[in-house]
Amino acid sequence: MAVTDTQNPLLGETTCSSLLQKLQQIWDEVGESDEERDRMLLQIEKECLDVYKRKVEQAAKSRAQLLQALSDSKVELSSLSSALGEKSFVGIPEEASGTIKEQLAAIAPALEQLWEQKEERVKEFSDVQSQIQKICEEIAGSLNLSDHPPVVDETDLSLKKFDEYQAHLQELQKEKSDRLHKVLEFVSTVHDLCAVLGMDFFSTVTEVHPSLNDSTGVQSKSISNDTLSRLAKTVLALKEDKKQRLHKLQELATQLIDLWNLMDTPAEERRLFDHVTCNISASVDEVTVPGALALDLIEQAEVEVERLDQLKASRMKEIAFKKQSELEEIFARAHIEIDPVAAREKIMTLIDSGNIEPTELLADMDNQIANAKEESLSRKDILDKVEKWMSACEEESWLEDYNRFIAGFLGVSAFNITDITLLKQDENRYNASRGAHLNLKRAEKARILVNKIPALVDTLVAKTRTWEEERGLSFTYDGVPLLAMLDEYAMLRQEREEEKRRMKESKKFQELQSTEQETIFGSKPSPARPAGTKKVVGPRANGSGGGGANGTPSRRLSLNQNGSRSASAVKEGRRESARLAAPVNYVAISKEDTASHVSGTDPLPASP
């Protein structure tokens, strides 16, 4: 009832004025004094003031919070823009206007959009940095050691920074690709080397790193520096092992071939080791057949060499004589005189006495063969010139015989190929003979070769003296000092030249007497041959020239009983071959053309 009374009948609600009136009515009814009434009113005012103060403080505090939120929003907006590298953003209001709440409401959408963009950017950065971290761990060899994702620096999420991470990632990916390619190359090389060496490839690469073994099911290969280093060392070790094995196999193959040749091993037995001997001259890179350098193959070759060595010891005499024959053949080709009978007797004595090991004897004979080959090589140049000299001397002898034959054919006392005037006088009859033009061509070539003999002899003498001075030995040709042979040839050649000169002077004297007789008795008779001459059959052309005539060295006439050449034998051969005889190696002249020109006292020419 009291509450209803205190309500304003006009307003229909309770107000401070209506309550104050109600309070006055109560005081009047109670009879409160004025002092008490003033005190109570003052207390009411004070309480009302406190309420207002609290409300004002709360309102001020709320405003401060809104201002702080607005400030924080602006700072956050600026921070996000800076982190994202966005200098200007479309959703940000250019100027602050309106109430605080209106300003907050205007900034909120831009903040929300920047936050979403930041989250996306952080995720992108995290993905890129995770990939970078993974590749770095692979290169470092510490893959899967860290399960924590990389920490993203949210203060810099700009596209520029992101591009830097992307570029770094691409560099790492390229490096990873290069490393993987190098790893695969190493693995392929190891596979090929293991195949050639007969080694287990999987166990070899597993020792380097388990991921290199495809049979383990590991998808990614290790590309760390340690793996690459160990792969490189493995490849070097395998290559060195391959080189050593190949060297060992080639030594065994050489020994096998030498032993086979010594003992005349049949081809069927040799073919059993074709896989060994096929690489005897191959380089390391050329050996690529799987199992070509396996240890069991090398052991098999070693066993065969040992077996053949034992067999060789039982056939020592046969082998030693075979090497002696090789040595004698080398000396024979080099025209070095030795005593083969004494050498073979010495070998027999050494083997029978048992004072020397078979291997030592064969090694000594191998050294003799090597020294003989070396000496033969040092004599080769001189021997080649000796052969040329002897061939030239044979042609010289042939040319002299040919000149005498033509002189007899033409009925003149002498004939020289350099002056063919007399031959042209009887050209028709001479050319009609079978093959005469071949003899004439050979004679022209022989004259050119003979003219070179003095220079060839001088060169041969100089080289021989140089050879003897360098070695302090006399250069012998089948036991005869070569310089002595050359001196004898020079002496005989000089004697022959003097004989030719005397014959020429005698011819001039005879021509002079003939001229005087013409003056006294009349003209000179025709130089034609007498009609009653004996038939002459010329030798064939293009044969080997005979030696000995004109003092030329003859291999056939200068050989003594021991097959060696001596100075006296050479001289006797020269003198005997200097006798006048029918020429050899000419084309026969037809019977019809020569029947009327053959003298009854002329000797029959020797047929080849």
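Along each chain, residues carry numbers from 1 onward, in the same order as the chain's sequence is written. With pLDDT at 70 or above as the cut-off, local features in this predicted model cover only qualifying residues; side-chain atom pairs require 80 or more to be listed or tallied, and sums for whole chains, interfaces and linings still use all residues. Excluding hydrogens and water, the side-chain values take into account all heavy atoms of the structure.

### Section: the overall build of the protein
- Looking only at helices and strands, the protein features 20 helices and 2 strands.
- Note on classification: 1.4 Å probe, protein chains only; a residue is buried when its accessible area is under 20% of the maximum for its type, exposed when over 50%, partly exposed between these limits. Residues classed as buried in the protein amount to 34% of the 608 residues present.
- Two residues qualify as a contact provided that any one of their heavy atoms is within 4.5 Å of a heavy atom in the partner residue. In the protein, once contacts between residues fewer than 6 apart in sequence are set aside, the share between residues at least 24 apart is 74%.
- As presented, the protein carries roughly 37,500 Å² of accessible surface, and 53% of it is formed by carbon and sulfur atoms. Under the DSSP-based scheme used, a helix requires at least four consecutive residues in state H or I and a strand at least two consecutive residues in state E, with every element numbered from the N terminus. Using a 1.4 Å probe, the Shrake-Rupley method yields the accessible areas, and only the shown protein chains count as cover for residues.

### Some remarks on the packing of helix 5 (residues 159–197) against helix 7 (residues 225–263)
- Every axis corresponds to a line fitted to the C-alpha atoms, with the helix fit spanning only the stretch in contact, and the corresponding angles, defined between N-to-C directions, vary from 0 to 180 degrees. In the contact formed by helix 5 and helix 7, the axes pass within 10 Å of each other and the chain directions differ by 25°. Of the possible angle classes, the one that applies to helix 5 and helix 7 is roughly parallel. Here helix 5 runs over helix 7; the crossing is left-handed. Only Asn225, Leu228, Leu231, Ala232, Thr234, Val235, Leu238, Lys239, Asp241, Lys242 and Arg245 of helix 7 make contact with helix 5, whose side of the interface consists of Arg179, Lys182, Val183, Phe186, Thr189, Val190, Leu193, Cys194, Val196 and Leu197. By the definition adopted for this analysis, an angle is roughly parallel if under 35 degrees, roughly antiparallel if over 145, roughly perpendicular if from 65 to 115, and oblique otherwise. In this scheme the crossing of two helices becomes right-handed for a clockwise turn of the near helix relative to the far one and left-handed for an anticlockwise turn of less than a right angle.

### Quick notes on the pattern of salt bridges
- For this document, the term salt bridge refers to a Lys or Arg side-chain nitrogen within 4 Å of an Asp or Glu carboxyl oxygen. Within the structure shown, the criterion is met by 25 salt bridges.
- We note a salt bridge from Arg271 to Glu268, for which the minimum N-O separation is 4.0 Å. Here Glu268 and Arg271 lie together in helix 8 (residues 267–271), a separation of 3 residues that amounts to about one turn.
- Under the relative-accessibility criterion, Glu268 is labelled exposed at 52%.

### Some points on the environment of Ser474
- Position of Ser474 relative to the elements: it lies in the loop between helix 17 (453–471) and strand 1 (476–477).
- Under the relative-accessibility criterion, Ser474 is labelled partly exposed at 44%.
- With 10 residues separating them in the primary sequence, Ser474 and Thr464 have C-alpha atoms 8.7 Å apart.

### Examining the nonpolar core
- Put simply, buried Ala, Val, Leu, Ile, Met, Phe, Trp, Tyr and Cys residues joined by side-chain atoms within 4.5 Å make one nonpolar core. Ranked by internal contacts, the top residues of the largest apolar core, which has 60 residues, are Val183, Val190, Leu212, Leu256, Val276, Val287 and Leu293.
- Going through the elements one at a time, helix 3 (34–84), helix 4 (100–140), helix 5, helix 6 (201–208), helix 7, helix 10 (295–314) and helix 11 (316–333) are the ones with two or more residues in this core.
- Ranked by the residues each element gives to this core, the list is headed by helix 7, at 13 residues.
- Split by domain, the residues of this core number at least three in each of domain 1 (18–121) and domain 2 (158–293).
- In contact with Leu293, other than residues within four places in its own chain, are Val196, Leu197, Lys242, Arg245, Leu246, Leu249, Val287 and Ile298.
- The next biggest cluster of nonpolar side chains, apart from the first, holds 36 residues, and it includes Ala372, Ala443, Trp467 and Leu486. Note that domain bounds follow an automatic or database assignment of domains.

### Topic: the packing of helix 11 against helix 12 (residues 340–353)
- Remark: helix 11 packs on helix 12, axes separated minimally by 11 Å, with the N-to-C direction vectors making an angle of 155°. Considered as vectors, helix 11 and helix 12 are oriented roughly antiparallel to each other. For helix 11 against helix 12, the interelement crossing comes out right-handed. Between helix 11 and helix 12, the contacting residues are Met316, Lys317, Ala320, Phe321, Gln324, Ser325 and Glu328 on the first element and Pro340, Ala343, Arg344, Ile347, Met348, Ile351 and Asp352 on the second.
- When residue character is reported, Ala, Val, Leu, Ile, Met, Phe, Trp, Tyr, Cys and Pro are called nonpolar, Asp, Glu, Lys and Arg charged, and the others, Gly included, polar. Considered class by class, the residues forming the contact of helix 11 with helix 12 number 8 nonpolar, 2 polar and 4 charged.

### Looking at helix 3
- For helix 3, with 51 residues, the first-to-last C-alpha span of 74 Å sits near the 75 Å given by 1.5 Å per residue.
- Those residues of helix 3 not exposed but buried are Arg37, Leu70, Ser73, Leu77, Leu80, Ser81, Ala83 and Leu84.
- Of the surrounding elements, those touching the buried residues of helix 3 are helix 2 (16–30), helix 4 and helix 5.
- Positive phi shows up at Gly85, right after helix 3, with a value of about 75°. What a helix is expected to span follows from its residue count: subtract one and scale by 1.5 Å.

### Concerning the packing of aromatic side chains
- Two aromatic rings from Phe, Tyr or Trp, using only the six-membered ring of Trp, form a pair when their centres are within 6.5 Å; if the ring planes differ by under 30 degrees the pair is stacked, by over 60 it is edge-to-face, and anything between is tilted. Under the definition given, this model contains 7 aromatic pairs.
- Taken together, a centroid distance of 5.1 Å and an interplanar angle of 10° make the contact between Trp398 and Tyr402 stacked. Remark: Tyr402 and Trp398 occur in helix 13 (residues 358–410); sequence separation between them is 4 residues, near one turn of the helix. Grouping residues by exposure puts Trp398 and Tyr402 together as buried.
- Relative to Phe475, the ring of Trp467 lies with its centre 4.9 Å away and its plane at 85°, an arrangement referred to as edge-to-face. Per residue, the accessibility class of Trp467 equals that of Phe475, and both read buried.
- Here a set of aromatic residues connected by ring pairs shows up, and it is made of Phe125, Phe162 and Tyr165.
- Any Lys NZ or Arg CZ found within 6 Å of a ring centre and within 35 degrees of that ring's normal is scored as a charge over the ring. Sitting above the plane of the Phe475 ring, Arg379 keeps its charged end 4.0 Å from the centroid.

### Description of a negative patch on the surface
- A surface patch of like charges, here negative, comprises Glu112, Glu116, Glu119, Glu120, Glu124 and Asp127.
- Checked against the element boundaries, Glu112 lands in helix 4. A patch is a set of surface residues, each over 30% in relative accessible area and not in a salt bridge, joined within 9 Å for like charges and within 5 Å for the nonpolar side chains Val, Leu, Ile, Met, Phe, Trp and Tyr. In this tally, Lys and Arg are treated as positive and Asp and Glu as negative; His is ignored, and so are the chain termini. Charge placement uses NZ in Lys and CZ in Arg. For Asp and Glu, CG and CD serve respectively.

### Notes on unusual backbone geometry
- Residues other than glycine seldom take positive phi values, yet His335 does so here, at roughly 60°.
- Tracing the backbone through its elements, the reader meets His335 in the loop between helix 11 and helix 12.
- Judged by relative accessible area, which is 19%, His335 ranks as buried.

### What about the side chain of Thr204?
- By secondary structure assignment, the location of Thr204 is in helix 6.
- Not counting the four nearest positions on each side in its chain, Thr204 is found in contact with Val190, Cys194, Met199 and Thr234.

### Digging into the confidence of the model for the protein
- Predictor confidence is given residue by residue as pLDDT, running from a minimum of 0 to a maximum of 100. Taken as a whole, the protein shows an average pLDDT of 76; of its residues, 75% reach a score of 70 or greater.
- Of all helices and strands in the protein, the one with the weakest mean pLDDT is helix 20 (residues 591–594) (36), whereas strand 2 (residues 480–481) scores best (91).
- Below pLDDT 50 for its whole length, residues 1–8 participates in 10 contacts with residues either more than four positions away or in separate chains.
- Between residues 526–608, whose pLDDT stays under 50, and residues either more than four places distant or in other chains, the model counts 170 contacts.

### Regarding the environment of Asp384
- Examined against the element boundaries, Asp384 turns out to sit in helix 13.
- Asp384 sits 76 residues away from Leu460 along the chain, and the two C-alpha atoms are 9.8 Å apart.

### Here we look at the state of the cysteines
- Only a pair of cysteine sulfur atoms within 2.5 Å qualifies as a disulfide here. Counted according to the given criterion, the structure contains 0 disulfides.
- In this structure Cys48 is not part of a disulfide, and its nearest cysteine sulfur, from Cys16, lies 6.1 Å away.
- Overall, the relative accessible area of 38% leaves Cys48 in the partly exposed class.

### Digging into the environment of Thr204
- On the basis of relative accessibility, which here comes to 11%, the residue Thr204 falls in the buried class.
- Within polar-contact distance, the side chain of Thr204 engages the backbone oxygen of Asp200 at 2.7 Å. Definition of a polar contact: a pair of N or O atoms within 3.5 Å, with one able to donate and the other able to accept a hydrogen when the atoms are protein atoms, and with sequence-neighbouring residues admitted only if both atoms are side-chain atoms.

### A closer look at helix 7
- For helix 7, built from 39 residues, the straight-helix expectation of 57 Å at 1.5 Å per residue is met to within 8% by its first-to-last C-alpha distance of 56 Å.
- Note on helix 7: the residue one or two positions beyond its end, Asp264, has a positive phi of about 50°.

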